[in-house]
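Single-letter residue listing:
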Amino acid sequence: MITNEYSLPPDKIKERAKNIRKKIILMNSHAGQGHTGADLSETDILASLFFNILHINKDDLANPNRDHFILSKGHGAGGFYCTLAEAGYIEESLLDTYLKFDSRLPGHPVKQKIKAVELNTGALGHGVSVGVGLALGAKLSKRNYRVFVLTGDGELQEGSVWEAAMSASQFKLDNLILIIDRNTLQLADRTRKIMSVEPLKDKLDAFGFDTKDIDGHNPAEIIEQTNNLDLSCGKPHALIAHTIKGKGISFIEDKAVWHHKVPVGEQVTEAIEELE
Amino acid sequence: MGVSEKTDLRNIMVETFIKAVKEGINLVVVVGDSTSTSKIAPFQELYPERVVNVGIAEQNLVGISVGLSLSGYVSVTANAAPFLIARSNEQVKNDVCYSETNVKLFGLNAGVAYGSLGSTHYAIDDISIMLGLGNIKIFAPSDPVETEQIVLYALKNKGPMYIRMDNGLFPYLHNKEYRFTPGKVDILRHGSDVTLISLGSLVNKAYKASLDLEKESIDVELLNIPSIRPLDRDGILNSILKTKKVVTVEEHSLHGGIGSLTAEIIAENKLDTDFIRLGITEGQFSKAGPRDQIRSYYGIDRKGIYNTIKKILK
């Protein structure tokens, strides 16, 4: 049985999340570009996954029984890279190359460049289908690994997500855990103003998911709710993780304009001070 | 040669899947309500757990195939080429090609195989589109022997591959000693008067046309192109250098198929040659109707090929 190599308690994960947020601010401002809002929105979810939930060991990624994680919201690459650096999957110095020519860290993750990346995402609505295939593969080959897919909420406007949702339930994939980073904002504006995905829980329930609303910034709750999932219930799981886009930095929080914007000059110092 | 019976290439494809599993290849076939299109029944009877039907959802079909490949399976998709190519284009581009996953895409009933059903059901752009995706290997078998060879190659070698398949009955053009080699042309007839280049479903028409021409002492060099990527550019070049006359024929748009590839070779090598491309007219949708009449209209049948070669030799 593989376990998480860190298995940190929630208070330690909070510290790690703070470190990741600092990395995000510094990396994005250094690169001069980045999806800062999305990176900060998903940070506590990623920290909980990589420091506690995922049964995975960075030195044993080829293990066929390890858990899988797909970042379907590929534009959250910055947050993902900083989490991988904090967890020792990649060297910290690599973050300085973010978005540079031929860097191992382009704006969306590339599996040929970073081992922990499972799929080259960036176009939205792809990760759930691939997660379904991975989860189905476990069932067919009688292995016990779990598959975690992190999507945005605007991403749920893609029809392919619902094709995948239908099949997850048809194939009774109780080893598939869909986490929705529900920050209620997309590139242009509020998701509900553009193309509402509500009532989200009802929709997921109707598609046959075991659905729960959780606080996406509370590691204790993320871990507890994940541990409590019934992995033999015959239904795929969905955790609607309520988050704030740009979480942790007051002038970035909950503003659509920060979807693809980075802190500059004094904003960087201000942001780091706020995180302390 | 000499085998007179005809076989549906899909039956060979499915028999080869069975053979591969028996050889220990950990194969799973993903279909999108396309159990009859893929003629998968004999495989499914033996290995029901190795067939996944995702319903009418091509994007999900490709995505699930990718996931299955990441879990260790050799993933095979088997559905109609037009829907695979168009509907799941982004999944093919990102999840299969860019992510370099071990997925084998079988585009069934490509070209205008669906005849009277019309352009929604044609794949006359599949080679062009797949060539636009960085790395995927592109193969098109011309007869039962080559089909088995290509399927085995695809299942035993890693990486994204697209196999352009046809329906209907196909004669044997190769004996069982034939070995498919990726990146090599297959010279079906050696000749010196004209180079005739074809692939997939039309190679047997080209072969018959070359027999008709032989009766008039016209010596056709017939190149079958089972491997479109990688492409044997030197093989094509050497033949054209010899004959200085070349005709390409394909059940594909004149844009982006073997005709276009041959034009590149001619231009890049500054070849002084006569050149005619046969295919579906560029810049418009194909005529719809019975397949043999479509082929006749575009001159990509036995008679049309014969006439074109007579024309280029004038």
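The structure under discussion appears in the preceding block.
Residues numbered from 1 in each chain as written. Chains lettered and ligands numbered in written order. Predicted model: local features only at pLDDT ≥ 70, side-chain atom pairs only at ≥ 80, totals over all residues. Heavy atoms only, no water.

All right, on to the pairing of strand β5 (residues 237-242) of chain A then. Residue and element names in this part refer to chain A. Counting buried positions along β5 yields 5 of 6 residues, so the element is predominantly enclosed. Inspection of the sheet shows strand β3 (residues 176-182) paired to β5 by 6 bridges, in the parallel sense. Across the sheet, Ile179 pairs through a bridge with Leu239, a residue of β5. Two elements, strand β4 (residues 210-215) and β5, share 6 bridges in a ladder whose sense is parallel. Opposite Thr211, over in β5, you have Ala238 as the bridge partner. Chirality of the crossover, the property in question, places the unit of β4, helix α8 (residues 219-227) and β5 among those that are right-handed. (Buried < 20%, exposed > 50% of the residue type's maximum accessible area, 1.4 Å probe, protein only. Helix = DSSP H or I, 4+ residues; strand = E, 2+ residues; numbered from the N terminus. Pairing = 2+ DSSP bridges. Right-handed = clockwise from strand over helix to strand, strands pointing away.)

What follows concerns the nonpolar core. Counting residues in hydrophobic clusters, the biggest one holds 71 residues, and the most contacted among them are A:Leu204, B:Leu105, B:Met130, B:Tyr162, B:Ile225 and B:Ile236. Per element, the largest residue contribution to this core is 7 residues, and it comes from helix α4 (residues 127-140) of chain A. Once residues within four sequence positions are removed from consideration, B:Leu105 is found in contact with B:Thr77, B:Leu84, B:Val92, B:Val96, B:Met130, B:Ile136, B:Met161, B:Tyr162 and B:Ile163. A:Leu105, A:Ile223, A:Ile249 and A:Ala271 belong to the second-largest nonpolar core, a separate cluster that totals 54 residues. (Core = buried A, V, L, I, M, F, W, Y, C linked by side-chain atoms within 4.5 Å. Contact = heavy atoms within 4.5 Å.)

Residues and elements named next belong to chain A. At a minimum axis distance of 9 Å, the contact between helix α2 (residues 36-53) and α8 shows a crossing angle of 55°. With respect to α8, the element α2 is oriented oblique. The two elements α2 and α8 cross, and the hand of that crossing is right-handed. Each of Asp44, Ile45, Ser48, Asn52 and Ile53 in α2 lies in contact with α8, whose residues at this interface are Pro219, Ile222, Ile223 and Thr226. Class assignment for the residues of the contact of α2 with α8 results in 5 nonpolar, 3 polar and 1 charged. (Axes fitted to C-alpha atoms, helices over the stretch in contact; angles between N-to-C directions. Parallel < 35°, antiparallel > 145°, perpendicular 65-115°, else oblique. Left-handed = near helix turned anticlockwise from the far one by under 90°. Nonpolar A, V, L, I, M, F, W, Y, C, P; charged D, E, K, R; others polar.)

All names here are of chain B. Spatial strand order, β3-β2-β4-β5-β7-β6-β12: 7 strands in an open sheet with mixed pairing. Strand pairing shows two members of the sheet lacking a second neighbour, β3 (51-53) and β12 (227-229), which therefore form its edges. With strand direction ignored, the average angle separating the axes of adjacent strands in the sheet is 20°. Relative to strand β7 (residues 161-164), strand β6 (residues 137-139) runs parallel, the two being bridged by 3 bridges. Considered in β7, the bridge of Ile138 is made with Tyr162.

Right, let's get into the pattern of salt bridges. Oppositely charged side chains are able to pair whenever their charged atoms sit close together. Residue and element names in this part refer to chain A. If you walk through the whole model with that rule in mind, you get 32 salt bridges over all chains. Across the pair Lys23 and Glu86 runs a salt bridge whose closest N-O atoms are separated by 2.5 Å. Of this pair, Lys23 sits in helix α1 (residues 10-31) while Glu86 sits in helix α3 (residues 77-86), and the two are 63 residues apart along the sequence. By relative accessible area, Lys23 is classed as buried at 11%. (Salt bridge = Lys/Arg side-chain N within 4 Å of Asp/Glu carboxyl O.)

This paragraph deals with helix α12 (residues 302-313) of chain B. All names here are of chain B. The end-to-end C-alpha distance of α12 is 17 Å, a good match for the 16 Å that 12 residues give at a rise of 1.5 Å each. Buried residues of α12: Gly304, Ile305, Tyr306, Thr308, Ile309 and Ile312, and no others. Elements that come into contact with the buried residues of α12 comprise β10 (194-198), α8 (203-214), β11 (220-224), β13 (245-253) and β14 (274-280). (Expected span 1.5 Å × (residues − 1).)

Inspection of the entire model under this criterion finds 15 aromatic pairs over all chains. An angle of 75° between the planes, with centres 5.9 Å apart, marks the rings of B:Tyr153 and B:Phe180 as edge-to-face. In this pair, B:Tyr153 sits in helix α7 (residues 144-156) while B:Phe180 sits in the loop between β8 (169-171) and β9 (186-189), placing the two residues 27 residues apart along the sequence. Taking the relative accessible area as the measure of exposure, B:Phe180 reaches 8% and is therefore buried. Clustering of aromatic rings is evident, with ring pairs tying together A:Phe50, A:Phe69, A:Phe80 and A:Tyr89. (Phe/Tyr/Trp six-rings, centres within 6.5 Å; stacked < 30°, edge-to-face > 60°.)

The next thing to look at is the interface of chain A and chain B. Taken together, the 25 residues of chain A in the interface contact 24 residues of chain B. Considering only the side of chain A, the residues that lose the most area to chain B are A:His126, A:Leu140 and A:Glu163, jointly responsible for 27% of the buried surface there. Our count for the contact surface shared by chain A and chain B stands at 12 residue pairs in polar contact (both at pLDDT 80 or more). Those elements giving two or more residues to the side of chain A that touches chain B turn out to be α4 and α5 (159-170) of chain A. Of all the elements, α4(A) adds the most residues to the side of chain A that touches chain B, at 8 residues. Of the residues in the side of chain A that touches chain B, the class split is 12 nonpolar, 9 polar and 4 charged. (Buried area = accessible area lost by both parts, 1.4 Å probe. Polar contact = N/O pair within 3.5 Å; in protein donor to acceptor, adjacent residues only side chain to side chain.)

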